[in-house]
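# Structural description and commentary
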Amino acid sequence: MTCSAGHDVSRYLSSQLRATQLQPDVSICIFSASFVLAPLVRTVPQSYALKYYFYHRSFSTLIRTRCLIIQFEINIPSNLHPRYITMIRSTEVDGVALIVGSGSGIGKEAAFSLAEAGARVVVFADMNENTATASSEESKKYASRHDYQTSVFKMNVEDEKAVQDMVDFVVAEYGCLDYCVNGAGVDNGTHTPLAETDIENFDRIMHINTRGNLLCVRTQAAAMWKQTPKTWTSRSGTRDIGRGVIVNIASANSFAGLPGKGSYTISKHAAMAITKMSGLDHSADGIRVNAVCPTWVRTPLLDEELRKNPEVQEIISAVCPIKRAAECEEVSDAVTFLCSPAASYVNGAALIIDAALTTTLRLF
Ligand SMILES: NC(=O)c1ccc[n+]([C@@H]2O[C@H](COP(=O)([O-])OP(=O)(O)OC[C@H]3O[C@@H](n4cnc5c(N)ncnc54)[C@H](O)[C@@H]3O)[C@@H](O)[C@H]2O)c1
């Protein structure tokens, strides 16, 4: 099947196919959908109608070969807008998301996953405005809502005022703050035993990974505190899902050490402490704070690490039970789960994403 252009339609159809994993009957499924849409297509400008006619003429052949090309450009009214099929309805999200460190890597993918899962707004915050803008634009391809909105906020997590301005901007612009993901972070850069720790480098890492994380969580929780709690109605009744959710991108190094990575490991243990304390202190306020704790994830941060220390690739293959780094989506989908009503009883917790690596105790 080729599904080209056709903004909403092709995205909807391909999502349905992905969700149902239909393979051989793909063309039949899309063919009937195209007839349902035919009256709408006739109302669009002539050029599009002509394209439709061309493909319409070709349908008999295409059906025989079970191959179909759709090329529409139509807008479906928001009340008719198709939603993604989800296996568990409570994993959908619906609200305003702020992703810090969204110009790259895990933060960027977390933003895409939230847009895909139904977020109405995603604000891309990062110190690199160019990459954040590119990510913000790209997110429109994945957003499932017809009325999806996105914007960019340039900031540095080290700057207390910038963090406050970022949160104020989201609340002023979009009325509330439902989900926050804190993914801005840096690595050691080098492998050095603790006795040789460069204090300047230690201060830099702590300032970004720990103090920066605390500033973000503190400011985000303060804004969520002022909001009205929400509820979620499922097959078994209605439950409180609180005022907002925060997910920190911590690390497997929040629990275990990695030789030569003292400063980073200390900063990530502290990030887990921030997660636990804020989850505990604000549990009764209906604010959940959790962390995802991955081992190696394929991102520019890891690429940089591999460039500086090529032996890390061998270490990953040797120690990781499934012999590879995680893909970004394998982390970002877990972030979305933690944001969703499906995780409404999960608070102050760490979701370790490590293919069981941290459970291994190597005695040989
Ligand atoms: N990649 C991995 O293997 C891995 C594994 C475990 C945990 N983590 C953690 O995940 C987080 C994200 O890592 P990544 O691999 O996606 O990195 P990345 O370098 O791909 O992305 C980090 C983003 O944060 C932004 N950023 C950095 N410092 C900032 C600051 N002071 N203020 C604002 N924005 C800033 C960068 O511009 C970038 O867009 C980090 O906290 C990292 O420690 C990464």
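Per an unreviewed UniProt entry, the recorded name for the protein is Oxidoreductase, and the organism is Massariosphaeria phaeospora. UniProt annotates the protein under Sequence similarities (unreviewed entry) with the comment "Belongs to the short-chain dehydrogenases/reductases (SDR) family."

Turning to the site of the ligand, a few remarks are in order. By nearness alone, 28 residues border the ligand, and G101, G105, G185, T299 and L301 come closest of all. Secondary structure elements with two or more residues in the shell around the ligand: α5 (105-116), α8 (199-225) and α10 (300-308). Class assignment of the residues belonging to the shell around the ligand gives a composition of 13 nonpolar, 13 polar and 2 charged.

Along the chain, L215 falls in helix α8. Taking the C-alpha atoms as reference, L215 lies 9.5 Å from K161; in sequence the two are 54 residues apart. Contact partners of L215, with chain neighbours within four places excluded, come to V157, E160 and V163.

Below, the discussion takes up the sheet that holds strand β5 (residues 149-154). Ordered by their spatial adjacency, 7 strands build an open sheet running β5-β4-β3-β6-β9-β10-β11, and the pairing between neighbours is parallel. Taken across any chain shown, the strands that pair with only one partner, and hence form the sheet edges, are β5 and β11 (350-353). Within this sheet the neighbouring strands show an average axis-to-axis angle of 15°, counted without direction. Here strand β10 (residues 287-294) runs beside β11; their pairing, made up of 4 bridges, is parallel. Residue pairing across strands places C293 opposite I352, the latter belonging to β11.

Attention now goes to the environment of E137. As for its placement among the helices and strands, E137 is situated in helix α6 (residues 129-142). Using a count of 12 C-beta atoms within 10 Å as the deciding quantity, one classes E137 as exposed. Separated by 13 residues in the primary sequence, E137 and T150 have C-alpha atoms spaced 8.0 Å apart.

Right, let's talk about the packing of α5 against α6 for a bit. Direction vectors running N to C along α5 and α6 enclose 35°, while the axes themselves pass 9 Å from each other. Classified by chirality, the crossing of α6 by α5 is right-handed. Side by side, α5 and α6 meet where K108, A111, F112, A115 and E116 of the first sit next to S135, S139 and Y142 of the second. Across the contact of α5 with α6, the residue classes break down as 4 nonpolar, 2 polar and 2 charged.

A two-sided burial pattern is seen for strand β6 (residues 179-182), the buried positions comprising Y179 and V181 on one face and C180 and N182 on the other. Examined bridge by bridge, strand β3 (residues 96-100) and β6 share 4 bridges and lie parallel to one another. When the sheet's bridge partners are listed, I99 is paired in β6 with V181. The sheet contact formed by β6 and strand β9 (residues 244-249) spans 4 bridges and is parallel. If you follow C180 over to β9, its bridge partner there is I246.

A few words now on the nonpolar core. Among the nonpolar cores identified, the biggest contains 67 residues, and I99, L114, V122 and A125 are the most heavily contacted of them. Here this core takes 7 residues from helix α12 (residues 328-339), the largest share from any one element. Setting aside chain neighbours within four positions, we find A125 in contact with L98, I99, V100, S102, A132, F153, M155 and M166.

Its identity as a non-glycine residue notwithstanding, K323 has a phi of 60°, on the positive side. Relative to the assigned elements, K323 resides in the loop between α11 (311-319) and α12. Not every positive phi belongs to a glycine, and A355 is a case in point at roughly 50°. Considering the arrangement of structural elements, one finds A355 in the segment after β11.

About the thresholds
- Residues numbered from 1 in each chain as written.
- Predicted model: local features only at pLDDT ≥ 70, side-chain atom pairs only at ≥ 80, totals over all residues.
- UniProt positions renumbered as here; feature names shortened; annotations may be inferred.
- Near = placed C-beta within 6 Å.
- Helix = DSSP H or I, 4+ residues; strand = E, 2+ residues; numbered from the N terminus.
- Nonpolar A, V, L, I, M, F, W, Y, C, P; charged D, E, K, R; others polar.
- Contact = placed C-beta atoms within 7 Å.
- Pairing = 2+ DSSP bridges.
- Axes fitted to C-alpha atoms, helices over the stretch in contact; angles between N-to-C directions.
- Buried ≥ 20, exposed ≤ 12 C-beta atoms within 10 Å, placed from the backbone.
- Left-handed = near helix turned anticlockwise from the far one by under 90°.
- Core = buried A, V, L, I, M, F, W, Y, C linked by C-beta atoms within 7 Å.

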